[in-house]
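Per-entry structural report
Spelled out from the first residue to the last, the chains are:
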Amino acid sequence: MKEKNIANGYIIGILKAFNGGIGKDIFKKKLPVKFLYALRRNLPEIEKAYKAYAESLNDICSKYGTTSENPRVDDAELQKKLSDEINELLSTETTIDVQIVSPEVLDICDGNENYDSLTYEEIDIVWWMLSED
């Protein structure tokens, strides 16, 4: 396990991808066991980080008398403050414990009939769990 910093905005993208986007098909592919295990181990950490983000977003919105589903207020000055706080929350990095996988684990998929390859879009939503070394 390794601590990684991931911006809340990216965490939202990861969850959207796995809850109906391109990420949902990753589990249907023939991929190395080590990679799939790490992904299953890591997604609950992403969900936990999202829960903290959602609670903070609700706090911000309630402070301005609005909801997170439609964070709008009539006053332009208050709307700017609300938007600034939401943007700050989105750019805030969250530290999560990640089961790291070497990119070489996925390299064996290329040209190997026993495995499926990930698309560039799929790699983009799992980069956070690949080692940089």
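Attention here is on the structure that accompanies the text. (Residues numbered from 1 in each chain as written. Predicted model: local features only at pLDDT ≥ 70, side-chain atom pairs only at ≥ 80, totals over all residues. Heavy atoms only, no water.)

Quick word on the packing of aromatic side chains
- Applying the stated criterion to the full structure yields three aromatic pairs.
- With 6.2 Å between their ring centres and 55° between their planes, Phe18 and Phe27 make a pair best called tilted.
- Taking the centre distance of 5.7 Å and the plane angle of 40° together, the rings of Tyr50 and Tyr53 count as tilted. With Tyr50 and Tyr53 both in helix H2 (residues 33-63), this residue pair falls three residues apart, about one helical turn. (Phe/Tyr/Trp six-rings, centres within 6.5 Å; stacked < 30°, edge-to-face > 60°. Helix = DSSP H or I, 4+ residues; strand = E, 2+ residues; numbered from the N terminus.)

Remarks on the environment of Glu69
- Structurally, Glu69 is set in the loop between H2 and helix H3 (76-91).
- For Glu69 and Asn58, which are 11 residues apart along the polypeptide, the C-alpha to C-alpha distance reads 9.2 Å.

A word on the nonpolar core
- Core analysis: the biggest nonpolar cluster contains 27 residues, and Phe18, Ile26, Phe35, Leu39, Ile46, Val126 and Met129 have the highest contact counts within it.
- At the level of elements, helix H1 (8-18), H2, strand E2 (93-98) and helix H4 (103-107) are the ones that each hand at least two residues to this core.
- Among the elements that line this core, the one with the most residues is H2, at seven residues.
- Formed by 10 residues, the second largest nonpolar core is a distinct cluster that contains Ile12, Leu57, Leu82 and Leu89. (Core = buried A, V, L, I, M, F, W, Y, C linked by side-chain atoms within 4.5 Å. Buried < 20%, exposed > 50% of the residue type's maximum accessible area, 1.4 Å probe, protein only.)

Remarks on the side chain of Lys4
- By the secondary structure assignment, Lys4 is in strand E1 (residues 2-7).
- When sequence neighbours within four positions are dropped, the list of residues in contact with Lys4 reads Thr94, Thr95, Ile96, Val98, Ile100, Trp127, Trp128, Leu130 and Glu132. (Contact = heavy atoms within 4.5 Å.)

Concerning the pattern of salt bridges
- Counted under the stated rule, the structure contains eight salt bridges.
- One salt bridge connects Asp25 with Lys28, and the closest N-O pair in it is separated by 3.5 Å.
- A residue is classified by how much of its surface remains accessible, and Asp25, at 29% relative accessible area, is partly exposed.
- The shortest N-O distance in the salt bridge between Glu122 and Lys29 comes to 2.8 Å. Linking Glu122 in helix H5 (residues 120-124) with Lys29 in the loop between H1 and H2, this pair joins segments that are 93 residues apart in sequence.
- When its relative accessible area of 5% is taken as the criterion, Glu122 is described as buried.
- One salt-bridge network, in which partners are shared between bridges, spans Lys24, Asp25 and Lys28. (Salt bridge = Lys/Arg side-chain N within 4 Å of Asp/Glu carboxyl O.)

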